[in-house]
Amino acid sequence: MKLTKFTHACVRLEKDGHVLVIDPGGYSESAEALDGAHAVLITHEHPDHVDVAVVTSALKDNRELELFAPGGVAENLRKEAPDAGSRVHTVDPGTSFDAAGFGIRSFGGQHALIHPHVPIVANIGYLVDENVYHPGDSFIIPDGISVKTLLVPVHAPWNKVSEVVDFVIGVRAPRAFPVHDALLNGTGLELVEGHVKRLGAKYGTEFTHLSARESVDV
């Protein structure tokens, strides 16, 4: 499976001629990531994870595109693209389904706390083909499975470095790559990733930096 990282939280997975995109948001090259896609997974409603205009356009232009998202996101996209309503699916945590030939399992259910005055929204973490785990905006550790490839939210208003490191240690995937990094400049990114790489290695995780549009086989 080929994994391509885009800016911030968006990744594109390709295998056997099928394309799956996760979290094409407003900070990402979302239209590029969605080009030729067969399925989209959305973790939650925040605009850095779903660019509604771009996703709606993709649903209208690509009649093969299927989308999977928490209830509120799915409901909104059905309103924005009513002709594509049958291709927009609601996902609950703790379920399994097929998305364009990729086996998906869902975890979690709640966005990490930003502040008590900021409402908490639904958030779904996705495990793809028993391999790649994208947690969205959460540090939910999947239960009952061993993650092979972990996507790590390295920086956000809702996290701190110690929590990022503890998440990596808790999952203990052999490989890890960054997501959710658009709010850091180069200096900050190097600092945070340095901690994750050094401390994660003590527990068996090889953390590797990926730049936007860089690809790796997983």
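Above this note sits the structure.
Residues numbered from 1 in each chain as written. Predicted model: local features only at pLDDT ≥ 70, side-chain atom pairs only at ≥ 80, totals over all residues. Heavy atoms only, no water.

**Regarding the pairing of strand S12 (residues 175-179)**
When a strand is regular, its side chains alternate between the sheet's two faces.
Argument step 1. Among the five residues that make up S12, four are buried, leaving the element largely enclosed by the rest of the structure.
Argument step 2. As judged from the five bridges shared by strand S11 (residues 149-153) and S12, these two strands associate in the parallel manner. Residue pairing for S12: Thr149 is matched across the bridge by Arg175.
Argument step 3. At this point the chain moves from S11, through helix H4 (residues 161-171), to the parallel S12, and the crossover so formed is right-handed.
Argument step 4. Of the pairings in the sheet, the one linking S12 to strand S13 (residues 206-207) comprises two bridges and is parallel in character. The residue bridging Ala176 from the neighbouring strand is Phe207, located in S13. (Buried < 20%, exposed > 50% of the residue type's maximum accessible area, 1.4 Å probe, protein only. Helix = DSSP H or I, 4+ residues; strand = E, 2+ residues; numbered from the N terminus. Pairing = 2+ DSSP bridges. Right-handed = clockwise from strand over helix to strand, strands pointing away.)

**Quick word on the layout of surface pockets**
Argument step 1. Estimates place the volume of the largest pocket at around 150 Å³.
Argument step 2. Residue lining of the largest pocket: His8, Tyr27, His46, Pro47, Asp48, His111, Ile114, Asp137, Pro157, Trp158, His180 and Leu183, and that is the complete set.
Argument step 3. Residues belonging to the lining of the largest pocket are distributed by class as follows: six nonpolar, four polar and two charged. (1 Å grid on protein atoms, 1.4 Å probe; cavity = no way out; pocket = protein on both sides within 12 Å on 5 of 7 lines; lining within 4 Å. Points joined across faces, edges and corners; volume = space filled by probe spheres on them. Nonpolar A, V, L, I, M, F, W, Y, C, P; charged D, E, K, R; others polar.)

**Side note on empty space enclosed by the protein**
Argument step 1. Tallied over the entire structure, the rule returns one cavity of 30 Å³ or more.
Argument step 2. The wall of the largest cavity is formed by His46, His111, Ala112, Leu113, Ile114, Val118, Pro119, Ile120 and Val121.
Argument step 3. Along the lines of polarity and charge, the residues of the lining of the largest cavity split into seven nonpolar, two polar and no charged.

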